[in-house]
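# Summary of structural features
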Amino acid sequence: MKLLVLLFGFALCVLTAALTHALDANGQLEDPVLQTRFERITKDLRCLVCQNESIADSNVELAGDLRRQVQEMLIAGKSDEAIFDFMTERYGDFVRFNPPLEPKTLLIWGAPFAVLVLGIGIIFRVVRRRSRMPLDDEPTPGSP
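Keep in mind that this is a model prediction, so the values were computed, not measured. (Residues numbered from 1 in each chain as written. Predicted model: local features only at pLDDT ≥ 70, side-chain atom pairs only at ≥ 80, totals over all residues. Heavy atoms only, no water.)

Okay, the overall build of the protein chain next. A tally of helices and strands in the protein chain yields 5 helices and 0 strands. Counted from the first residue to the last, the protein chain has its helices and strands arranged as α-α-α-α-α. By residue count, 23% of the 144 residues in the protein chain fall in the buried class. A separation threshold of at least 6 residues defines the contact pool for the protein chain, and within that pool the share at least 24 residues apart is 42%. (Helix = DSSP H or I, 4+ residues; strand = E, 2+ residues; numbered from the N terminus. Buried < 20%, exposed > 50% of the residue type's maximum accessible area, 1.4 Å probe, protein only. Contact = heavy atoms within 4.5 Å.)

Listed below in structure tokens is the structure:
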């Protein structure tokens, strides 16, 4: 048991040292490639509190926690897809601004096109009906 606690403490110290070494004084990642990936990922993840902002733009505490979690995963060497998969598994497809095209997200992707087709159909039908209606200035046959 003491060995387990000692190993856990050692792992925690190593992780803390890696995190502090990987971040600069402003809290940004020292590696510019990782920082670019971090910015792209946080722009693609939706704040669960604000809902119309990314976690990169949100000042809510939860968004800050999610940003730190993304930083930790990047430092740990996780791929972008692994980070998105983790966030999606934990918070659902709603957390992504661009959810993947799957059978369960087909409605999300298809709804705008369906509404567009429906709108075009309605406009076409109204225009066609109006073109068949007589004009008011034309005399009807048999009127004085």
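Read on, since the account is not over.
Take a nonpolar patch on the surface next. Taken together, the side chains of L101, L106, I108 and W109 make up a nonpolar region of the molecular surface, amounting to roughly 430 Å² of accessible area. Within the secondary structure, L101 is located in the loop between α4 (80-91) and α5 (106-132). Its relative accessible area of 62% is what places L101 among the exposed residues. (Patch = residues over 30% accessible without salt bridge, like charges linked within 9 Å, V, L, I, M, F, W, Y side chains within 5 Å. Areas by Shrake-Rupley, 256 points an atom, 1.4 Å probe, with all protein chains shown as cover. Salt bridge = Lys/Arg side-chain N within 4 Å of Asp/Glu carboxyl O.)

With respect to the secondary-structure elements, R96 resides in the loop between α4 and α5. Nearest to the buried, unbridged R96 among oppositely charged side chains is E81, at 4.1 Å. (Lys, Arg positive; Asp, Glu negative; His and termini not counted.)

Looking at the element boundaries, G77 is found in the loop between α3 (61-75) and α4. Note: C-alpha distance between G77 and L34 (43 residues apart in sequence) is 9.6 Å.

The geometry of helix α2 (residues 32-44) relative to α3 is characterised by a closest axis approach of 10 Å and an angle of 140° between their N-to-C directions. The angle between the axes of α2 and α3 places the two elements in the oblique class. Two packed elements cross with a definite hand, and for α2 against α3 that hand is right-handed. Residue-level inspection shows L34, R37, F38, I41 and T42 of α2 in contact with α3, the latter providing R67, V70, Q71 and L74. Considered class by class, the residues forming the contact of α2 with α3 number 5 nonpolar, 2 polar and 2 charged. (Axes fitted to C-alpha atoms, helices over the stretch in contact; angles between N-to-C directions. Parallel < 35°, antiparallel > 145°, perpendicular 65-115°, else oblique. Left-handed = near helix turned anticlockwise from the far one by under 90°. Nonpolar A, V, L, I, M, F, W, Y, C, P; charged D, E, K, R; others polar.)

For the structure on display, the rule yields 0 aromatic pairs. Its end group placed over the ring of F94, R46 keeps NZ or CZ at 4.4 Å from the ring centre. Taking the ring centre of F84 as reference, the NZ or CZ of R96 above it sits at 4.4 Å. (Phe/Tyr/Trp six-rings, centres within 6.5 Å; stacked < 30°, edge-to-face > 60°. Lys NZ or Arg CZ within 6 Å of the ring centre and 35° of its normal.)

Bringing the pattern of salt bridges into the picture now. Within this structure, the stated rule accounts for 4 salt bridges. For D80, the salt bridge goes to R37, with nearest N and O atoms at 2.6 Å. Of this pair, D80 sits in helix α4 while R37 sits in helix α2, placing them 43 residues apart in sequence. Connected through shared salt-bridge partners, R37, R40 and D80 make up one network.

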